[in-house]
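Okay, here's what each chain looks like letter by letter:
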There are 2 protein chains.
Amino acid sequence: MKILVCNDDGIDSVGIYELVNELKKTAEVTVVAPLKEQSAVGHGITMQLPLRVINYYKNGNFFGYAVDGTPADCVKIGIRNIMKESPDLVISGINHGSNTAINIIYSGTVSAAREAAIMDVPAIAISVTNHTAKQFGFAAKVAQMLTQEIANRGLPKGTLLNVNVPDLPEEEISGMLLTKQGKSKWDDIYEQRKDPYGRDYYWLTGNLMEIDIELDTDQAAVKNKYVSVTPIHFDLTDYDTYSRMKEWKLEELLNAKQKK
Amino acid sequence: MKILVCNDDGIDSVGIYELVNELKKTAEVTVVAPLKEQSAVGHGITMQLPLRVINYYKNGNFFGYAVDGTPADCVKIGIRNIMKESPDLVISGINHGSNTAINIIYSGTVSAAREAAIMDVPAIAISVTNHTAKQFGFAAKVAQMLTQEIANRGLPKGTLLNVNVPDLPEEEISGMLLTKQGKSKWDDIYEQRKDPYGRDYYWLTGNLMEIDIELDTDQAAVKNKYVSVTPIHFDLTDYDTYSRMKEWKLEELLNAKQKK
């Protein structure tokens, strides 16, 4: 099995290193990851500037390719130019910090996996629910387990799995659950400060308003010590509103105004 | 009506200027837009660096606030710190270039409107289907028309309208259609080049593979000279796959492996 590994914390992060070590036991692994941390870059891609690809070594051994771009750039150039053929799977992670509920929207980790799904390659995004997490061994095993499941069962084209693992010792994990994206979101606060020259600047902080209670949501699942597995896709159409908006009769609206 | 206007082409673009001039006829408009072009930045937000807000003048008059961040940053800080209260509507655009099909995923224009939807503010993203478009008057009128519709009918929380207007004289427009996100996507190509020092670099290009034919998709609608209006949301859960994945029995999978 050929696996492309990416992340958004940067190629020198601990999470990607432990993931690669685990996957290498059973698969041929190619690492293409950002040179620098790219958290919260969303699904940005680099079009106005060129990209460079650098050979990256860890402990004296070739580890992978570092790209001076976004996570989505890494997956695109990894598949198109570095691997030159589609891998069987793309795994993005292991991210330091959870990617549940609204965080999915901002996440570079999830966007890398989503780019793979756009390119018709099955993909997993995997995160540990703590920015200061130090143990990635259990999450790496979960990635391995789901890799085997995808190898056996497949995933529909355009779908990726967004996986969140509580930052706990394996024996404290309650189990694994299939979930939906939760509705918890941030109460944003911009701290207003003054720079050494007396000019204002603003720094984003905030509190996550945890409104998810049901265990079938990613946010509540990890809160209750479960590994959360959410299938997500890139069709953003709001079909409920689409059906209801037929009443708006848009096709008549423009004609009516033009006649005025 | 209080309207916050944002874009991704930058506060000095023609599209945002023409939009603001049209909206000012009937509404109180606040402009908060990126200082520099932010195309294809996706839904990135700035957390590792502070933001600065600059008063921006056009033709000697105060035009709005320029932020050295992403489109989503502009909406967040615009609502939280600059307006200090939620506007009745956020409009992002007028974008130079279409935001149909897969382009929605990468779009800074759409992400700005989506950030508004996350903040429970109704929103419109509006684009003209040509990067070199010079006429924005008709698109500005469409934005005005849909603003009135939303004022009268409302939009469900968490939904935004993604609007694409063909780059044509008004009399050549076929009409307006309610659409879904199309499935057309890019065949990416990275051009490999050498810099003046003999080192390789890569530049993203590609061709849009237009596979949408039905007029109820955004891509086919604009191709056939219709204004396209697509309701989109930020729940990325793939509910079809969610239902089918119940067979995977994830809750048993982890237990079975742990017992081994």
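Just above sits the structure.
Small disclaimer: the values here were computed from a predicted structure and weren't measured. (Residues numbered from 1 in each chain as written. Chains lettered and ligands numbered in written order. Predicted model: local features only at pLDDT ≥ 70, side-chain atom pairs only at ≥ 80, totals over all residues.)

### Here we look at the nonpolar core
As a reminder of what qualifies: A set of buried Ala, Val, Leu, Ile, Met, Phe, Trp, Tyr and Cys residues, joined to one another through C-beta atoms within 7 Å, is what we call a nonpolar core. Residues with at least 20 neighbouring C-beta atoms inside 10 Å of their own are called buried, those with 12 or fewer are called exposed, and the rest are partly exposed, where every C-beta is derived from the backbone. Placing C-beta atoms from the backbone, we regard two residues as in contact once those atoms come within 7 Å.
Counting 156 residues, the largest nonpolar core has A:Val5, A:Ile124, B:Val5 and B:Ile124 as the members making the most contacts within it. The contacts of A:Val5, once residues within four sequence positions are left out, are A:Ile16, A:Leu19, A:Val20, A:Leu23, A:Val29, A:Val31 and A:Ile91.

### Quick notes on the pairing of strand S5 (residues 89-96) of chain B
All names here are of chain B. The cut-off we apply is this: Per the convention used, a helix needs a DSSP run of H or I reaching at least four residues, while a strand needs a run of E reaching at least two, with both numbered from the N terminus. Two strands pair if DSSP finds at least two bridges between them.
Most of S5 is tucked away: eight of the eight residues are buried. One ladder, built from four bridges, connects strand S1 (residues 2-6) with S5; its direction is parallel. Within S5, the residue paired with Ile 3 across the bridge is Leu 89. Across five bridges, the pairing between S5 and strand S6 (residues 123-128) is parallel. By the bridge assignment, Ser 92 is partnered in S6 with Ala 125.

### Some points on the packing of helix H2 (residues 71-82) of chain A against helix H4 (residues 108-118) of chain A
For any two helices packed against each other, one specifies the crossing angle of their axes together with the interaxial distance. Residue and element names in this part refer to chain A. Selection criterion: Interaxial angles span 0 to 180 degrees and are taken between N-to-C directions of axes, which are lines fitted to C-alpha atoms, for helices over the stretch in contact. Between 65 and 115 degrees an angle is taken as roughly perpendicular, under 35 as roughly parallel, over 145 as roughly antiparallel, and anywhere else as oblique. Each helix crossing is assigned a hand: it is left-handed if the near helix lies turned anticlockwise from the far helix by less than a right angle, otherwise right-handed if that turn is clockwise.
Where H2 meets H4, the closest approach of the two axes is 7 Å, and the angle between their N-to-C directions is 30°. The angle between H2 and H4 places the two elements in the roughly parallel class. Classified by chirality, the crossing of H4 by H2 is right-handed. For the pair H2 and H4, contact is made by Pro 71, Ala 72, Cys 74, Val 75 and Lys 76 and by Gly 108, Thr 109, Ser 111, Ala 112, Glu 115 and Ala 116, respectively.

### Notes on the interface of chain A and chain B
Contact with chain A, which involves 63 residues of that partner, is made by 63 residues of chain B. By residue number, the principal contributor to the side of chain A that touches chain B is helix H8 (residues 250-259) of chain A, which donates six residues.

### Description of the relation of the copies chain A and chain B
Short version of the rule: All copies are superposed by least squares; the fitting set is the C-alpha atoms of residues with a pLDDT of at least 70 in both.
Between chain A and chain B, the superposition needs a rotation of 180° and an axial shift of 0.0 Å, giving an RMSD of 0.0 Å. Overall, the copies show the geometry of a two-fold rotation axis. It is A:Gly42 whose C-alpha, among those of chain A, lies nearest the rotation axis, at 2.7 Å.

### Description of the sheet that holds S1(B)
Strand pairing in a sheet relies on backbone hydrogen bonds, with the paired strands running either antiparallel or parallel. Residue and element names in this part refer to chain B. What the nine strands build is an open sheet, ordered S3-S4-S2-S1-S5-S6-S7-S11-S8; its pairing is mixed. If you trace the sheet from one side to the other, it starts and ends with strand S3 (53-58) and strand S8 (175-178), each paired once. The sheet shows a mean angle of 25° between the axes of neighbouring strands, taken without regard to direction. In this structure, S8 lies alongside strand S11 (residues 226-232), joined through four bridges in parallel fashion. Counted as the bridge partner of Met 176 is Val 227 from S11. Sitting on the sheet, helix H1 (residues 14-23) touches S1, strand S2 (28-34), S3, S5 and S6, and the angle it makes with S5 is about 140°.

### Remarks on the sheet that holds strand S3 (residues 53-58) of chain A
Residues and elements named next belong to chain A. An order of S3-S4-S2-S1-S5-S6-S7-S11-S8 is seen for the nine strands of this open sheet, with the pairing classed as mixed. In the strand order of this sheet, the two ends are held by S3 and strand S8 (175-178), each with one partner. Within this sheet the neighbouring strands show an average axis-to-axis angle of 25°, counted without direction. In the packing of H2 onto the sheet, the strands contacted are strand S1 (2-6), strand S2 (28-34), S3, strand S4 (61-67) and strand S5 (89-96), and the crossing angle to S2 comes to about 135°.

### Looking at helix H5 (residues 137-153) of chain A
Residues and elements named next belong to chain A. Here is the rule we go by: What a helix should span is 1.5 Å times the count of its residues minus one.
Over its 17 residues, H5 extends 24 Å from the first C-alpha to the last, a length consistent with the 24 Å expected when each residue adds 1.5 Å. In this structure, the buried residues of H5 make contact with helix H1 (14-23), S5, strand S6 (123-128), strand S7 (160-165) and strand S11 (226-232). Directly after H5, the chain includes Gly 154, whose backbone phi takes a positive value near 75°.

### Observations regarding unusual backbone geometry
Residue A:Ile94 is bonded to the preceding A:Gly93 through a cis peptide linkage, with omega at -5°. Residue position: A:Ile94 is located in strand S5. Positive phi outside glycine occurs at B:Asn59, with the angle close to 50°. In this fold, B:Asn59 is placed in the loop between S3 and strand S4 (61-67). Residue B:Lys225 is not a glycine yet carries a positive backbone phi of 70°. Structurally, B:Lys225 can be placed in the loop between helix H6 (218-223) and S11. Overall, the presence of 13 C-beta atoms within 10 Å leaves B:Lys225 in the partly exposed class.

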